[in-house]
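Listed here are the chains, written in short residue letters.
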Amino acid sequence: MASSPAAPMFLRRRTQAPRPAAPAPLPGDSPGGDDDGEYDDLCCEECGSGDSPAELLLCDKCDRGYHLFCLRPILVSVPKGSWFCPSCSNQKMVKYSPRKRKRVGSLVMSKKRRKLLPFNPSEDPDRRLEQMRSLATALLASGTRFSDDLTYRRGMAPRSANQASLEKAGMQVLSKEDTETLNLCKRMMDRGECPPLMVVFDPLEGFTVEADRFIKDLTIVTEYVGDVDYLEKREDDDGDSMMTLLSAADPAKSLVICPYKHGNVARFINGINNHTPEGKRKQNLKCVRYDVDGECRVLLIANRDIPKGERLYYDYNGYEHEYPTEHFV
């Protein structure tokens, strides 16, 4: 994946953490979208922060709030019907340990559940060919063979190792409707109807990706794919694009995606500099891990409307800031 070439010595393991780091609560809108300020001072009972008010879920019994991403297992959206916090439902929370590896963060959802959308390919077949040529150029330059699926190679992790049930904190199951949307995206790719993306070369960022037409919020832009291997075999890997696939309670079973030999356009989508306000404002995608039919999958999903010509970015680190991004442009 492309990034600023300023610090090639770093191992770039693409993950996002599910936990906010800010200790001080900030005022925000209520989770239900009320405008009367009733919940302006609400803080998460687990992390103590009032950040991300749209992701604070209120207990229907005690009115205490919890971030969706602070719950264990994590919730990607507000449950239908009544919801009771761990205290009121007599359920124990899985305690967070700072020594644990980061995870890909959950997708920001509103109070009312919103379905994922399939990408909208360009109607002009010549334009689609131009988009595919731009990707082919980048793949050729990086020595990567195109694949739109996770690949399992001899001597690496077998497909049987990819079990979402091994995720140490639980993994969000992709709903039936959203699974059908993901499968539609795959069928479009099989027909040569690719996402409306153009891979361009920037002298500072290297290969990077631009929206070649308007992309609506919550659109599945692409899946992060490549060769699947055990994390423990890749600890000293000098590659620049590894992505966490499975963070298991047993570290020996944790998996990563290595898009060096096989990959798609996801490899060339850049990360933000999450140490500057300007960098944070550039983020327009979220990286989300899902349980799809019992296997772990990683999706890049638009977290806002993206106009044509805008470059695509997501946060490599989420909230933990383990990977240094100060050198990113």
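Residues numbered from 1 in each chain as written. Predicted model: local features only at pLDDT ≥ 70, side-chain atom pairs only at ≥ 80, totals over all residues. Heavy atoms only, no water.

On to the environment of Phe 268. Inspection of the secondary structure assignment puts Phe 268 in the loop between strand S11 (262-263) and strand S12 (270-271). Residues Phe 268 and Val 199 lie 69 residues apart in sequence; the distance between their C-alpha atoms is 7.5 Å. (Helix = DSSP H or I, 4+ residues; strand = E, 2+ residues; numbered from the N terminus.)

When the terminal C-alpha atoms of helix H1 (residues 125-142) are compared, their 26 Å separation across 18 residues agrees well with the 26 Å that a helix rising 1.5 Å per residue should span. Residues of H1 that are buried make contact with strand S4 (145-146), strand S5 (197-202), strand S6 (206-211) and S11. Regarding H1, its N-cap is Asp 124, as a side-chain oxygen of that residue lies 3.0 Å from the backbone nitrogen of Asp 126 further along. Of the residues one or two after H1, Gly 143 is the one with positive phi, at around 70°. (Expected span 1.5 Å × (residues − 1). Contact = heavy atoms within 4.5 Å. Polar contact = N/O pair within 3.5 Å; in protein donor to acceptor, adjacent residues only side chain to side chain.)

What the three strands build is an open sheet, ordered S7-S14-S13; its pairing is antiparallel. Each edge of the open sheet is held by one strand with a lone partner, namely strand S7 (220-223) and strand S13 (285-292). Direction aside, neighbouring strands of the sheet carry axes that sit 35° apart on average. Judged from the eight bridges that link them, S13 and strand S14 (residues 295-302) form a sheet pairing that is antiparallel. Across the sheet, the residue bridging to Tyr 290 is Arg 297, located in S14. In the packing of helix H2 (residues 176-190) onto the sheet, the strands contacted are S7, S13 and S14, and the crossing angle to S7 comes to about 70°. (Pairing = 2+ DSSP bridges. Axes fitted to C-alpha atoms, helices over the stretch in contact; angles between N-to-C directions.)

What follows deals with the pairing of S5. Residues in a regular strand project their side chains so that they alternate between the two faces of the sheet. Pairing of S5 with S6 involves six bridges; the strand directions are antiparallel. The residue of S6 that forms the bridge with Leu 197 is Ala 211. Where S5 hands over to S6, the hairpin turn is made up of three residues, counted between the paired strands.

Another point: the confidence of the model for the protein. Averaged over every residue, the pLDDT of the protein is 78; residues scoring 70 or more account for 74%. Note that residues 1-37 has pLDDT below 50 and, in this model, 140 contacts with residues that lie over four places away or in other chains. Throughout residues 318-329 the model reports pLDDT below 50, and contacts reaching past four residues in sequence, or to other chains, amount to 48 contacts. (pLDDT = per-residue confidence, 0-100.)

Applying the stated criterion to the full structure yields 18 salt bridges. Arg 127 is the partner of Glu 130 in a salt bridge, and the nearest nitrogen-oxygen pair spans 3.0 Å. Of this pair, Glu 130 and Arg 127 both sit in helix H1, three residues apart, which is roughly one turn of the helix. Judged by relative accessible area, which is 36%, Glu 130 ranks as partly exposed. Across the pair Glu 295 and Arg 159 runs a salt bridge whose closest N-O atoms are separated by 2.7 Å. Taken as a pair, Glu 295 in strand S14 and Arg 159 in the loop between S4 and H2 lie far apart in primary sequence, 136 residues in all. On the basis of relative accessibility, which here comes to 16%, the residue Glu 295 falls in the buried class. Beyond isolated ion pairs, a larger network of salt bridges with shared partners links Asp 148, Asp 149, Lys 186, Glu 223 and Arg 297. (Salt bridge = Lys/Arg side-chain N within 4 Å of Asp/Glu carboxyl O. Buried < 20%, exposed > 50% of the residue type's maximum accessible area, 1.4 Å probe, protein only.)

Aromatic ring pairs are described here by two measures, namely the spacing of the ring centres and the angle between the planes. Taken as a whole and judged by the stated rule, the model has three aromatic pairs. With a centroid separation of 6.1 Å and an interplanar angle of 70°, the aromatic rings of Tyr 66 and Trp 83 are classed as edge-to-face. Taken together, the positions of Tyr 66 in strand S3 (residues 65-67) and Trp 83 in the loop between S3 and H1 put the pair 17 residues apart, joining distant regions of the chain. Residue Trp 83 is classed as buried on the basis of its relative accessible area of 12%. (Phe/Tyr/Trp six-rings, centres within 6.5 Å; stacked < 30°, edge-to-face > 60°.)

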